[in-house]
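# Notes for the structure review
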Amino acid sequence: MVAGMNRILTLFILLLAPIVNANEIILAPGRFLDVDTHPGESITVANGSIIRVSDRGRRIRVVAKKRGSTELRIGSREIPVHVVNSDLAALHSQLSRALEGKRGLNLTYDGKALWIRGRLLRWEDWADLGRAAQSMSPRAAYQFAAELEPEMRIKALEAFKTKLRAASIPEVALEVQGSASALIPASPADLKKRVQDVLAPYGFNVEGSPGALSLEPMVRVRIIVAEVDRQKALQYGVKWPDSVNAQLLPNTQLTKELAVDLQALETSSAGRVLASPTLLCRSGKEAKFIAGGEFPIKIVSVKRNDVIWKQYGVVLIIRPLADASGRMSIALETEVSDIGGPSVDGIPGIKTNRIESHFDLTGPRTIALSGLLRNVVTESSSGLPVLGQVPILGPLFSSKNFQERKTELVVFVTPEIAKPGEEES
């Protein structure tokens with residue numbers, strides 16, 4: 001057991017041991033590093049209050065005393081020595097190990113921060129740096145400032161956008177050429193920390209700006225508005241509720257089978273598809289679909305005569321909230337109105353059915369808004385020619401048949417998150 005603990009302790013010390021760069025040394029206070037020397041080389045220290053050097057025969061031991069920067073001269077070699085906090089020293093050690101055997105990138109310290117510079121030749125090298133820094137303290141950070149070829153830049157941007165979406169973070173402005181940075185809006189308050197948790201291990205500098213835009217997910221809403229004859233629809237086994245309601249259909253989304261069923265009803269005169277639009281709406285905003293008309297209402301007063309227009313028909317208002325993981329919160333407001341109510345002074349009334357509903361979805365689903373009834377009354381006359389048109393006596397030689405037909409307006413709504421580049425599909 002003791003031997004096992006010794007192996008663990010030895011491994012721990014090796015992981016924390018500083019790595020000698022050919023051009024610089026970074027240590028935490030209290031840590032030391034043995035550096036090989038050649039016989040006869042002179043050893044000088046620019047500032048003895050920062051480090052202490054002791055002779056160990058064919059090597060010297062450099063001991064960090066307090067934070068600061070100085071210069072160690074070994075013969076003709078001049079080596080900058082930086083004493084930094086333990087978190088930064090540990091990060092330097094991890095990044096140095098991750099760069100071993102990799103070409104194109106180098107790690108430097110400018111007295112304030114660690115920098116990865118050079119040229120990125122493989123995306124996997126940047127991914128290795130991110131994994132190496134993932135377990136480090138959030139107080140330890142570095143800046144990635146290597147050059148990227150155009151193809152590598154596109155690949156890196158897509159990779160980081162995918163990581164943000166996986167963390168349910170809206171799309172933010174990213175730049176990876178020259179210096180990796182993310183510009184985010186000032187709100188919400190926790191957005192900066194969430195973005196830093198994802199991107200800081202890869203050397204991103206995350207800055208908030210009141211003028212920055214956070215691109216919330218786009219929600220595509222497919223709509224089918226169908227009018228169905230209740231009596232004829234019953235022959236096909238279609239049963240509609242007796243009251244206005246909104247419900248989720250068992251199918252995952254608006255499938256081709258549903259469209260085929262609606263076309264069958266239309267072919268048999270049992271119904272018809274009135275409209276099938278597709279709307280695009282940014283999460284948190286509002287989309288509206290209107291199908292109908294307007295009729296004039298004349299307003300007469302002492303001072304002026306005016307005409308206002310009253311809207312009727314089908315109005316569907318959708319207010320979606322969505323995150324990058326595919327979850328949606330959908331608020332629906334539907335109104336179906338028609339001219340036909342009691343009239344006052346020649347102004348017709350309007351019959352209105354209205355639904356307000358809300359759904360929380362984890363993926364694309366179809367919502368059916370039903371129970372929006374409409375009565376259609378038709379009148380037909382029959383009788384003897386000429387005699388049927390004679391005033392007063394005419395009705396004795398003619399008859400009128402009244403037919404009432406009940407139709408129901410059904411609105412099928414299927415919201416889904418539009419993936420980047422697919423907004424127009």
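Please read all numbers here as calculations on a predicted model, not as lab measurements.

Definitions and cut-offs
- Residues numbered from 1 in each chain as written.
- Predicted model: local features only at pLDDT ≥ 70, side-chain atom pairs only at ≥ 80, totals over all residues.
- Heavy atoms only, no water.
- pLDDT = per-residue confidence, 0-100.
- Helix = DSSP H or I, 4+ residues; strand = E, 2+ residues; numbered from the N terminus.
- Contact = heavy atoms within 4.5 Å.
- Salt bridge = Lys/Arg side-chain N within 4 Å of Asp/Glu carboxyl O.
- Pairing = 2+ DSSP bridges.
- Axes fitted to C-alpha atoms, helices over the stretch in contact; angles between N-to-C directions.

### Topic: the confidence of the model for the protein
With 72% of its residues at a pLDDT of 70 or more, the protein has an overall mean of 75. Ranking the helices and strands of the protein by mean pLDDT puts strand S10 (residues 142-144) first, with 94, and helix H1 (residues 2-16) last, with 39. Below a pLDDT of 50 lies the segment residues 1-22, which in the model reaches 18 contacts outside its immediate sequence neighbourhood of four places, other chains included. In the predicted structure, residues 386-404 sits below a pLDDT of 50 and forms 27 contacts with residues beyond four places in sequence or in another chain.

### Observations concerning the pattern of salt bridges
Pairing between side chains of opposite charge can happen when the charged atoms of each approach one another. The full count for this structure, using the stated rule, is 15 salt bridges. In this structure, the salt-bridge partner of Asp-36 is Arg-59, at a minimum N-O distance of 3.7 Å. One end of the pair, Asp-36, is in strand S2 (residues 32-36); the other, Arg-59, is in strand S5 (residues 59-64), with 23 residues separating them in the sequence. The residue Glu-78 makes a salt bridge to Arg-73 at a minimum N-O spacing of 2.2 Å.

### Observations concerning the sheet that holds strand S8 (residues 105-109)
Taken together, 3 strands build an open sheet; the order of strands is S8-S9-S10 and the sheet is mixed. Each edge of the open sheet is held by one strand with a lone partner, namely S8 and S10. Direction aside, the axes of adjacent strands within the sheet are offset by 25° on average. Contacting S8, strand S9 (114-118) and S10, helix H2 (residues 86-99) crosses the sheet at an angle of about 165° to S8. Lying over the sheet, helix H3 (residues 123-134) contacts S8, S9 and S10, oriented at roughly 170° with respect to S10.

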